[in-house]
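What follows is the residue order along each chain.
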Amino acid sequence: MRDLELTPRLQLLADWVPHGARLADVGTDHAYLPVWLCLHGRVVSAIACDLREGPLARARETGRTWGTESIVYRLGNGLAVVSPEEADTIVIAGMGGENIAAILAQASWTADGTHTLLLQPQTRAEVLRGFLADNGYAIRREALAEDRGILYPVMEVRGGKMFLTLGQRHGGAALLQDPLGERYIIEKIIRLQSAVAGINRSGGGREKGDELREILTALLSQREEWRCANGL
Ligand SMILES: C[S@@+](CC[C@H](N)C(=O)[O-])C[C@H]1O[C@@H](n2cnc3c(N)ncnc32)[C@H](O)[C@@H]1O
């Protein structure tokens, strides 16, 4: 039988799931990740959860197609359908940073230091990094996956203490060794520069303009740090 192929983004997450994990995949949609992990004997149990019936039906269908009968499927909001003892590794991927932060805020046991969280925000990663720093979590490693030209940050997180500068919140907590780190920062700088130019053109939003310029300055020095760390 041919192998289930993951996208580079899901493959990076799969590579970071510890061998023998008891997995919960929140917002599983097609359940490609838990199915792949089961097929490769990488997890001892897997719960695939989703907020909506449609994605959960797709998840069951993938499980049936690939013959991974051991996966447990649950319908519900975030981690409300998973108890702390059932999983030691929790993946929340492919949704906005604010949504991931809201799911963690409603399950404070995820900061108890015994659970490994693998988080992959599609948007607003800076909101998620800020939430983690302010709520007793520490990013242990971070890397970028490139998928069809788009860079996606992936974070391994545990309960703990962490301080992040403004540049790290926006440009990555631990991306100084990542070969794609500079590109990630530059793309953010370009987006911010165009937002600042828009505000300048419209002649309004002085406070917003100041806030964006502060982030821009922080990102420019984050880029310098990346270059120094990489001998440039
Ligand atoms: C774009 S898919 C991502 C699928 C997969 N995790 C991935 O990374 O490819 C996002 C999924 O998250 C689900 N979702 C969004 N908010 C959720 C929540 N609060 N609890 C559970 N699932 C949620 C959506 O229904 C959708 O199926």
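Sequence order as written defines residue numbering, which begins from 1 separately in each chain. Side-chain atom pairs in this predicted model are given and counted only at pLDDT of 80 or more, local residue features only at pLDDT of at least 70, and totals for whole chains, interfaces and linings cover all residues. Note that the side-chain values use all heavy atoms of the structure and ignore hydrogens as well as water.

A. Layout of helix H8 (residues 206-229). Only runs of H or I of at least four residues qualify as helices and only runs of E of at least two qualify as strands under DSSP, and these elements are numbered from the N terminus. By this rule the span expected of a helix is its residue count minus one, scaled by 1.5 Å. Between its first and last C-alpha atoms H8 spans 35 Å; for 24 residues at 1.5 Å apiece the expected length is 34 Å, and the two agree. Whether a residue is buried, partly exposed or exposed follows from its accessible area with a 1.4 Å probe, protein chains only, as a fraction of its type maximum: under 20%, in between, or over 50%, in that order. Regarding H8, the residues found buried are Gly209, Leu212, Ile215, Leu216, Ala218, Leu219, Gln222 and Trp226. Summarising the contacts, the buried residues of H8 are in contact with helix H6 (166-171) and helix H7 (181-202). Contacts: residue pairs with any heavy atoms within 4.5 Å of one another.

B. Layout of the pairing of strand E7 (residues 150-159). Within E7, 7 of the 10 residues are buried, which leaves it mostly tucked inside the rest of the structure. In this structure, strand E5 (residues 116-121) lies alongside E7, joined through 3 bridges in antiparallel fashion. Considered in E7, the bridge of Leu117 is made with Val157. Of the strand pairs in this sheet, strand E6 (residues 137-147) and E7 are connected by 10 bridges, and their pairing is antiparallel. Each residue of the ladder has a partner; that of Tyr137, found in E7, is Gly159. Paired strands, in this sense, are two strands between which DSSP finds at least two bridges. Turn length for the E6-E7 hairpin, with the two strands adjacent in sequence and antiparallel, is 2 residues, and the turn residue Arg148 shows positive phi of about 45°.

C. Quick look at the pattern of salt bridges. Each reported salt bridge corresponds to a side-chain nitrogen of Lys or Arg within 4 Å of a carboxyl oxygen of Asp or Glu. Scanning the entire structure with this criterion turns up 16 salt bridges. Note that Arg227 and Glu182 form a salt bridge whose closest N and O atoms lie 2.9 Å from each other. Placement of the pair is Arg227 in helix H8 and Glu182 in helix H7, with a sequence separation of 45 residues. Residue classification places Arg227 among the partly exposed positions, given a relative accessible area of 25%.

D. Here's a closer look at the sheet that holds strand E3 (residues 72-75). One open sheet holds the 7 strands; their spatial order is E3-E2-E1-E4-E5-E7-E6, and the pairing between them is mixed. Strands with a single pairing partner mark the edges of an open sheet, and in this sheet they are E3 and E6. Along the sheet, successive strands turn relative to each other by an average axial angle of 20°, direction set aside. Helix H2 (residues 32-39) rests against strand E1 (21-26), strand E2 (43-50) and strand E4 (89-95) of the sheet, and its axis sits at about 165° to E2. Axis lines are fitted to C-alpha atoms, over the contacting stretch for helices. Their N-to-C directions set the angle, which ranges from 0 to 180 degrees.

E. Representation of the packing of helix H4 (residues 97-105) against helix H5 (residues 125-134). It is at 7 Å that the axes of H4 and H5 come closest, and there the two elements cross at 25°. With respect to each other, H4 and H5 are oriented roughly parallel. Along this stretch, H4 crosses H5, giving a crossing that reads as right-handed. Here H4 contributes Gly97, Glu98, Ile100, Ala101, Leu104 and Ala105 to the contact with H5, which in turn contributes Val127, Leu128, Phe131 and Leu132. Put simply, Ala, Val, Leu, Ile, Met, Phe, Trp, Tyr, Cys and Pro go in the nonpolar bin, Asp, Glu, Lys and Arg in the charged bin, and everything else, Gly too, in the polar bin. Class assignment for the residues of the contact of H4 with H5 results in 8 nonpolar, 1 polar and 1 charged. To sort the angles, those under 35 degrees are grouped as roughly parallel, those over 145 as roughly antiparallel, those from 65 to 115 as roughly perpendicular, and the leftovers as oblique. Left-handed is the label given to a crossing in which the near helix is rotated counterclockwise from the far helix by less than a right angle, and right-handed is the label when the rotation is clockwise.

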